[in-house]
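Analysis of the macromolecular model
Now for the letters of each chain:
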Amino acid sequence: MIELVHLHKTFETADGTVEALKDINLSIADGDIFGIIGMSGAGKSTLVRCINMLERPTSGNVIVGGEDMAAMSPAKLREKRRSITMIFQQFNLLMQRTCLKNVCFPMELEGVGKKEARKKAMELLSLVGLPDKAKSYPAQLSGGQQQRVAIARALATNPQVLLCDEATSALDPNTTHAILELIRDINQKLGITVVVITHQMSVVEDICNRVAILDEGRVVEQGNVKDVFANPQSAAAKKLVFPNGEETVLPPGKGETRLRVLFNGSNTADLPLIATMAAQHGVLAKILGASTRSLGAQAFGEMLISVPDADAEKALTFLRSAEGIVVEEV
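These numbers come from a predicted model, not from an experiment.

Thresholds, definitions, all that
- Residues numbered from 1 in each chain as written.
- Predicted model: local features only at pLDDT ≥ 70, side-chain atom pairs only at ≥ 80, totals over all residues.
- Heavy atoms only, no water.
- Helix = DSSP H or I, 4+ residues; strand = E, 2+ residues; numbered from the N terminus.
- Buried < 20%, exposed > 50% of the residue type's maximum accessible area, 1.4 Å probe, protein only.
- Contact = heavy atoms within 4.5 Å.
- Axes fitted to C-alpha atoms, helices over the stretch in contact; angles between N-to-C directions.
- Parallel < 35°, antiparallel > 145°, perpendicular 65-115°, else oblique.
- Left-handed = near helix turned anticlockwise from the far one by under 90°.
- Nonpolar A, V, L, I, M, F, W, Y, C, P; charged D, E, K, R; others polar.
- Phe/Tyr/Trp six-rings, centres within 6.5 Å; stacked < 30°, edge-to-face > 60°.
- Lys NZ or Arg CZ within 6 Å of the ring centre and 35° of its normal.
- Pairing = 2+ DSSP bridges.
- Salt bridge = Lys/Arg side-chain N within 4 Å of Asp/Glu carboxyl O.
- Polar contact = N/O pair within 3.5 Å; in protein donor to acceptor, adjacent residues only side chain to side chain.
- Core = buried A, V, L, I, M, F, W, Y, C linked by side-chain atoms within 4.5 Å.

1. Considering the overall build of the protein
Within the protein one finds 11 helices and 14 strands. With respect to the three principal axes, the spread of C-alpha positions in the protein is 80 × 50 × 35 Å. Expressed as a percentage of its 330 residues, the buried residues of the protein come to 48%. In the protein, 68% of the contacts between residues at least 6 apart in sequence involve partners at least 24 apart.

2. Structural notes on the packing of helix 3 (residues 99-109) against helix 4 (residues 114-127)
Running from N to C, helix 3 and helix 4 cross one another at 125°; their axes reach a closest spacing of 9 Å. Judged by the angle between their axes, helix 3 and helix 4 are oblique. Crossing angle aside, the handedness with which helix 3 passes helix 4 is right-handed. On the side of helix 3, the interface is formed by L100, V103, C104 and M107, while helix 4 contributes A117, R118, K120, A121, M122, L124 and L125. Looking at side-chain class alone, the contact of helix 3 with helix 4 contains 9 nonpolar, no polar and 2 charged residues.

3. Notes on the packing of aromatic side chains
According to the stated counting rule, one finds 0 aromatic pairs in the structure shown. Note that K9 overlies the ring of F11, its terminal NZ or CZ placed 5.0 Å from the centroid.

4. Comments concerning the sheet that holds strand 1 (residues 2-13)
Two modes of strand pairing occur in sheets, parallel and antiparallel, and in both the strands are linked by backbone hydrogen bonds. Taken together, the 4 strands give an open sheet; going across it, the order is 2-1-4-5, and neighbouring strands pair in antiparallel fashion. The two strands at the open ends of the sheet, each matched to only one other strand, are strand 2 (16-28) and strand 5 (67-68). Pairing of strand 1 with strand 4 (residues 59-64) involves 5 bridges; the strand directions are antiparallel. If you follow L4 over to strand 4, its bridge partner there is V62. The strands touched by helix 1 (residues 44-51) are strand 1, strand 2 and strand 4; relative to strand 1, the strand with the most contacts, the crossing angle is about 120°.

5. Considerations on the environment of R118
Mapped onto the elements of the fold, R118 is located in helix 4. For the pair R118 and L100, spaced 18 residues apart in the sequence, the C-alpha separation amounts to 7.2 Å. With residues up to four places along the chain from it excluded, the contact list for R118 reads L100 and C104.

6. So, unusual backbone geometry
In the Ramachandran plot, N158 falls in the positive-phi region, its phi being about 55° despite a non-glycine side chain. Among the residues examined, N158 registers a relative accessible area of 57% and is labelled exposed. Phi is positive for E216, which is not a glycine, with a value near 50°. If you trace the backbone, E216 turns up in the loop between strand 9 (210-215) and strand 10 (218-224). The class for E216 is exposed, based on a relative accessible area of 58%.

7. A closer look at the pattern of salt bridges
Per the stated rule, a full pass over the model turns up 10 salt bridges. Salt-bridge contacts for R49 lead to E55; the nearest nitrogen and oxygen are separated by 3.9 Å. With a relative accessible area of 30%, R49 lands in the partly exposed category. In this structure, the salt-bridge partner of R184 is E181, at a minimum N-O distance of 2.7 Å. In this pair, R184 and E181 both sit in helix 6 (residues 173-190), 3 residues apart, roughly one turn of the helix. Several salt bridges converge on common partners, so that one network encompasses K9, R49 and E55.

8. Description of the environment of S169
When you line up the elements, S169 lands in the loop between strand 7 (161-165) and helix 6. A distance of 2.6 Å separates polar atoms of two side chains, one belonging to S169 and the other to E166.

9. A word on the sheet that holds strand 3 (residues 33-37)
Spatial ordering of the open sheet is given by 6-7-8-3-9-10, a layout of 6 strands whose pairing is mixed. Since the sheet does not close on itself, it has two edges, and those belong to strand 6 (84-88) and strand 10, each with one partner. Here the strands of the sheet are splayed against their neighbours by 15° on average, with no regard to which way each runs. Bridge count between strand 7 and strand 8 (residues 193-198): 5 bridges; the pairing is parallel.

10. A closer look at the side chain of T157
Along the polypeptide, T157 turns up in the loop between helix 5 (143-154) and strand 7. At 2.9 Å, the side chain of T157 forms a polar contact with the backbone oxygen of R82. When near neighbours in sequence (up to four residues on either side) are disregarded, T157 contacts R82, T85, P106 and E110.

11. Digging into the nonpolar core
Counting residues in each nonpolar core, the largest one holds 52 residues, and the members touching the most others are I87, V149, I151, I183, I207 and I213. Those residues in contact with I213 that sit more than four places away from it in its chain are I37, R218, V219, V220, E221, V228, A236, A237 and L240. Ranked by size, the runner-up nonpolar core spans 28 residues in total, among them I51, M53, M69 and M86.

This is the structure in structure tokens:
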């Protein structure tokens, strides 16, 4: 369990004091894949660096596995950090070392024997799908392959927590998806808690089970990914979930009923809902605006439709019969 309790972080600059983090309170359960998302400057990287004490909070507590990181001696903190590893956007591999020696490096620092370290490094390279790249140098690899080596290196110390700071931001969409699949697989196989720092909602969609929205140094919303997607409450969450914004539509016309259809994990992502209503019940609806997205086979978001007054009850009955849908008259 990772607990952040009343966490504050300020920096002194030439222009005065900057509050990077403001009263952060978060709980991340063991085995979670927890997303922390926000726009540039929201405080995401500062927050993740506070988790492993690369940045010391100005006040508040960082409790990992029941131990307060801020209260540890330097020696105890170094030991604890071995269980909290990190991967970065730019991979941070040692370019003069082969992939195998990059993965061996943290074990060398711990005094692990050369033979044992090489054996484990080869196992980890196999885990990330690169056993044939042991003798290659980072410059000979693609960005996705370099990140896989960085993940293998991060796993070399048998960590309990893996921190991913914009770890896929430098990769193309297909490679990003493959790396996220690898992280999910590692989470399931090894039970490692993963904290994903990102500005991309698609990353949260792909991999996270819980998410916190960070805005100007504050957590403005948190919860299960599906709940946040279905009904974002804060302005920051709405902007991230529905980047195109809300539709502006004209007032209702004469003889027209407006209905707002809320998709709360509905299993209708692949179904022609409005077309089915027209074909089966003769209700012709106009779509006035929509902010929806699919997560797997489930739909989230909302849609504003218009139906004739005479068909309003039929439309309400049909739409409310679909699982995971809430309908309200506007």
